[in-house]
Amino acid sequence: QLNLKGRDFIEFTDYSKEEIEYLLQLAIDIKKKQKSGEVYQPLKGKTIGLIFEKSSTRTRVSFEVGMFQLGGHALFLSKNDIQIGRGETISDTAQVLSRYLDGIMIRTFAHSNVTELAQYADIPVINGLSDDAHPCQVLADFQTVLEHKGQLKGLKMAYIGDGNNMAHSLMLGAAKLGVHVSVASPEGYEPNPAIVEQAKSIAQETGSQVVVTRSPEEAVKDADIIYTDVWASMGFEEEQQAREAAFSDYQVNEELVKGAKKDYIFLHCLPAHRGEEVSEGVIDGPNSAIFDQAENRLHAQKALMTALMG
Ligand code: CP
Ligand code: NVA
């Protein structure tokens, strides 16, 4: 058993392959306990604060419910209700909240807000999505893949679309876990080259292949997992029209998925825009695992909170 107590969870680069595998196994164990009706409350008396500067359905509900199930308490702290929204600094907020809480999750815009909060907080800080990363989602995603495929190493994941926070965390997570990953994005919407380089260098140690291409067909060829995300992420709503034009050849649909393995699974972090990044036939079809994936946010984050705050 590894000891992760007191650690932050900001991006996969901070964690070793063994630590990520440990969290995935813990998530699977905690899910089993929950399904069998076992009461498991290692976080009795602990409180996590959930700072939200962007909207959320899954992240908020899974953290709140997860913490309740673990015997602790979660506080929903919307930016409009706390003083951050009126200009109180992140460093003061971090130091004050550290006197009350046992952990903080933050969903924000600039990734530097997460790292600054972590720098000044004495308690674990969990990245609940920034413009650059969404590692909680990816933890649940690889739990889902593991459950559906029984293994991770050597599988191929195709990510089609925006080179955004999801693309980044998926590339880093895949590289760490030995999953091959091909990202297909249109010009101007590629993943951050520095993160691609990071993923490639991690991949050299684990034997995974990291490819960035323009061609969705090349990316999905023989893929075990096909992943996509919205074309306009939170904070980019005013670019919706321009993005619809730029991404028009990047829809995951019945035609595109023909190139994948027959038993591929389709994943999407949600929320989805049916008819844009993915056709109804694919997202609601027999290969789609989107609701297992959404459910696993609960189990993966219970594992994360237990490991960091237990
Ligand atoms: N996938 C995800 O993070 O969903 P929410 O924005 O609803 O939290
Ligand atoms: N890329 C999306 C993910 C939402 C969970 C966004 O940032 O809005």
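Scoring rules and cut-offs
- Residues numbered from 1 in each chain as written.
- Chains lettered and ligands numbered in written order.
- Predicted model: local features only at pLDDT ≥ 70, side-chain atom pairs only at ≥ 80, totals over all residues.
- Heavy atoms only, no water.
- UniProt positions renumbered as here; feature names shortened; annotations may be inferred.
- Helix = DSSP H or I, 4+ residues; strand = E, 2+ residues; numbered from the N terminus.
- Near = heavy atom within 4 Å.
- Polar contact = N/O pair within 3.5 Å; in protein donor to acceptor, adjacent residues only side chain to side chain.
- Areas by Shrake-Rupley, 256 points an atom, 1.4 Å probe, with all protein chains shown as cover.
- Nonpolar A, V, L, I, M, F, W, Y, C, P; charged D, E, K, R; others polar.
- Buried < 20%, exposed > 50% of the residue type's maximum accessible area, 1.4 Å probe, protein only.
- Pairing = 2+ DSSP bridges.
- Axes fitted to C-alpha atoms, helices over the stretch in contact; angles between N-to-C directions.

Student: I keep staring at the UniProt feature "domain: Aspartate/ornithine carbamoyltransferase carbamoyl-P binding" (unreviewed entry) in the protein and nothing clicks. Help me out?
Tutor: The positions UniProt marks with the feature "domain: Aspartate/ornithine carbamoyltransferase carbamoyl-P binding" (unreviewed entry) are residues 7-147. Helix makes up 47% of residues 7-147 and strand 14%, whereas the separation of the span's terminal C-alpha atoms amounts to 26 Å.

Student: What exactly am I supposed to notice about the site of ligand 1 here?
Tutor: Around ligand 1, the neighbouring residues are Ser 56, Thr 57, Arg 58, Thr 59, Arg 107, His 134, Gln 137, Cys 269, Leu 270 and Arg 297. Side-chain polar atom of Ser 56 to an oxygen atom of ligand 1: 2.6 Å apart, as the coordinates give it. Thr 57 is positioned such that a nitrogen or oxygen atom in its backbone is 2.6 Å from an oxygen atom of ligand 1. In isolation ligand 1 exposes 250 Å². Once the protein is present, 95% of that is buried. In terms of residue class, the shell around ligand 1 is made up of two nonpolar, five polar and three charged.

Student: Please clarify how unusual backbone geometry should be interpreted in this entry.
Tutor: As a rule of thumb, non-glycine residues mostly have phi less than zero, and peptide bonds are mostly trans rather than cis. Geometrically, the link from Leu 270 to Pro 271 is a cis peptide bond, its omega value of 5° lying close to zero. Mapping Pro 271 onto the fold places it in the loop between strand S9 (265-268) and helix H11 (280-283). At Asp 222, a position not held by glycine, the phi torsion is positive, near 60°. Mapped onto the secondary structure, Asp 222 falls in the loop between helix H8 (216-220) and strand S8 (225-228). The exposure class of Asp 222 is partly exposed, given its relative accessible area of 41%. A positive phi is found at Leu 270, a non-glycine position, where the angle reads about 65°.

Student: For this particular structure, what's the right way to read the sheet that holds strand S4 (residues 125-127)?
Tutor: Sheet architecture is open: four strands sit in the order S2-S1-S3-S4, paired in parallel fashion. Among the strands making up the open sheet, the edge pair consists of strand S2 (73-78) and S4. When the angles between neighbouring strand axes are averaged without regard to direction, this sheet yields 20°. In the sheet, strand S3 (residues 103-107) pairs with S4 via three bridges, with the strands oriented parallel. Bridging across to S4, Ile 106 finds its partner in Asn 127.

Student: Please explain the site of ligand 2 as it appears in this structure.
Tutor: Close to ligand 2 lie Leu 129, His 134, Asn 164, Asn 165, Asp 229, Ser 233, Met 234 and Leu 270. Ser 233 places a side-chain nitrogen or oxygen 2.7 Å from a nitrogen atom of ligand 2. In the model, an oxygen atom of ligand 2 is placed 2.8 Å from a nitrogen or oxygen of the Met 234 main chain. Isolated, ligand 2 exposes 260 Å² of accessible area, and the fraction of that covered by the protein chains is 95%. Of the residues that constitute the shell around ligand 2, the class distribution is three nonpolar, four polar and one charged.

Student: Can you walk me through the sheet that holds S9 in this structure?
Tutor: Paired through their backbone hydrogen bonds, the strands of a sheet run either parallel or antiparallel. Spatially, five strands are ordered S7-S6-S5-S8-S9 in an open sheet, and the strand pairing comes out parallel. In this open sheet, the two edge strands, each paired with only one partner strand, are strand S7 (210-213) and S9. With direction set aside, neighbouring strand axes in the sheet form an average angle of 20°. Here four bridges tie S8 to S9, and the two strands are oriented parallel to one another. The residue of S9 that forms the bridge with Ile 226 is Phe 266.

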